[in-house]
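If you want the building blocks of each chain, they are given just below.
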Amino acid sequence: MNNIKTAVSETTRIVDRSIQAGWLHGPPQALKAQTFEPVSILKQLLDARANDRRIQLNVESSSVICSDQQLIRLLLSNLLENACRYGAVNDPVRIHVSLHSQDGHAGILFRFTNSPGDAGWPDPKRIFTKYYRSSHAQRRTGSGLGLYLVQGFVKRLGGSVAYVPTQHEIVFELWLPL
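Since the structure is predicted, the reported quantities are computational estimates derived from the model, not experimental observations.

Caption draft 1: Looking closely at the sheet that holds strand β4 (residues 93-102). The five strands lie next to each other as β2-β4-β5-β7-β6, forming an open sheet whose pairing is mixed. Among the strands making up the open sheet, the edge pair consists of β2 (55-59) and β6 (160-163). Between one strand and the next, the sheet's axes are offset by a mean angle of 20°, whatever the strand orientation. Pairing of strand β5 (residues 105-114) with strand β7 (residues 170-177) involves eight bridges; the strand directions are antiparallel. Across the sheet, residue F110 finds its bridge partner in β7, namely L174.

Right under this line is the structure:
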């Protein structure tokens with residue numbers, strides 16, 4: 001029964017990402033700007049993964065932003081999902097949140113860090129390419145759309161995403177303007 005639930009969940013996730021990719025290339029949708037604290041969205045996502053004891057959240061500082069809450073949820077969810085899915089199963093997934101200026105603009109920085117798992121290291125030149133999946137990631141279900149969507153939607157919000165690995169860890173930084 002668990003295998004059936006997992007298969008349905010994975011299929012639903014892939015269909016959802018395909019629909020989201022259509023939004024990205026369709027006519028620009030008006031952003032639904034609201035004032036909210038994005039860390040609260042992240043905490044909701046973590047609550048839904050309460051059984052995953054690897055996740056460590058460190059909120060150094062935070063702020064409210066005026067942005068599209070649904071898109072922010074999609075960005076944070078995709079980055080969290082990637083870190084948990086492709087990170088080493090016995091190593092922590094760390095999320096650090098802080099205020100950070102970029103190009104003279106105040107913003108909030110989310111840093112997702114994990115050790116590489118059996119999928120290995122992603123190709124830095126292709127990581128945000130539509131349908132890209134590393135050769136070892138093919139062992140798991142996926143669409144190759146998650147990071148592509150993150151990059152596309154964060155641009156619409158005036159933010160940025162970067163792959164900034166260290167010698168031993170996979171790191172993604174998501175910056176959102178205040």
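Moving on from the model shown.
Caption draft 2: Summary view of the packing of aromatic side chains. For the coordinates displayed, the defined rule picks out two aromatic pairs. Seen from their ring centres, F128 and F172 are 6.2 Å apart, and the 85° between their planes marks the pair as edge-to-face. Placement of F128 in the loop between β5 and α4 (146-156) and of F172 in strand β7 is noted, with a sequence separation of 44 residues between them. Across the pair, F172 and F128 agree in class, each one buried. On the basis of an interplanar angle of 35° and a centroid distance of 5.1 Å, the ring pair of Y163 and F172 is categorised as tilted. Taken together, the ring pairs in this structure connect F128, Y163 and F172 into an aromatic cluster.

Caption draft 3: The arrangement of helix α3 (residues 69-86) in detail. The end-to-end C-alpha distance of α3, which contains 18 residues, comes to 26 Å, matching closely the 26 Å that a straight helix rising 1.5 Å per residue would cover. Of all 18 residues that make up α3, 14 are buried, and the element is covered over most of its length. N-capping of α3 is provided by D68, with a side-chain oxygen placed 3.1 Å from the backbone N of Q70.

Caption draft 4: Expanded view of unusual backbone geometry. With a phi angle near 50°, D103 is a residue other than glycine that sits in the positive phi range. The topology assignment puts D103 in the loop between β4 and β5.

Caption draft 5: Geometry of α4. Of all eleven residues that make up α4, eight are buried, and the element is covered over most of its length. If you check which residues of α4 are buried, you get G146, L147, Y148, L149, V150, G152, F153 and V154. Where α4 ends, the next residue or the one after it, G158, has phi of about 85°, a positive value.

Caption draft 6: Local environment of the packing of α3 against α4. Direction vectors running N to C along α3 and α4 enclose 150°, while the axes themselves pass 9 Å from each other. Here α3 runs over α4; the crossing is left-handed. For the pair formed by α3 and α4, the contact residues are L71, L74, L75, N78, L79 and N82 on the first element and G146, L147, L149, V150, F153 and V154 on the second. Here the contact of α3 with α4 is built from residues that sort into nine nonpolar, three polar and no charged.

About the cut-offs
Residues numbered from 1 in each chain as written. Predicted model: local features only at pLDDT ≥ 70, side-chain atom pairs only at ≥ 80, totals over all residues. Heavy atoms only, no water. Pairing = 2+ DSSP bridges. Helix = DSSP H or I, 4+ residues; strand = E, 2+ residues; numbered from the N terminus. Axes fitted to C-alpha atoms, helices over the stretch in contact; angles between N-to-C directions. Phe/Tyr/Trp six-rings, centres within 6.5 Å; stacked < 30°, edge-to-face > 60°. Buried < 20%, exposed > 50% of the residue type's maximum accessible area, 1.4 Å probe, protein only. Expected span 1.5 Å × (residues − 1). Polar contact = N/O pair within 3.5 Å; in protein donor to acceptor, adjacent residues only side chain to side chain. Left-handed = near helix turned anticlockwise from the far one by under 90°. Contact = heavy atoms within 4.5 Å. Nonpolar A, V, L, I, M, F, W, Y, C, P; charged D, E, K, R; others polar.

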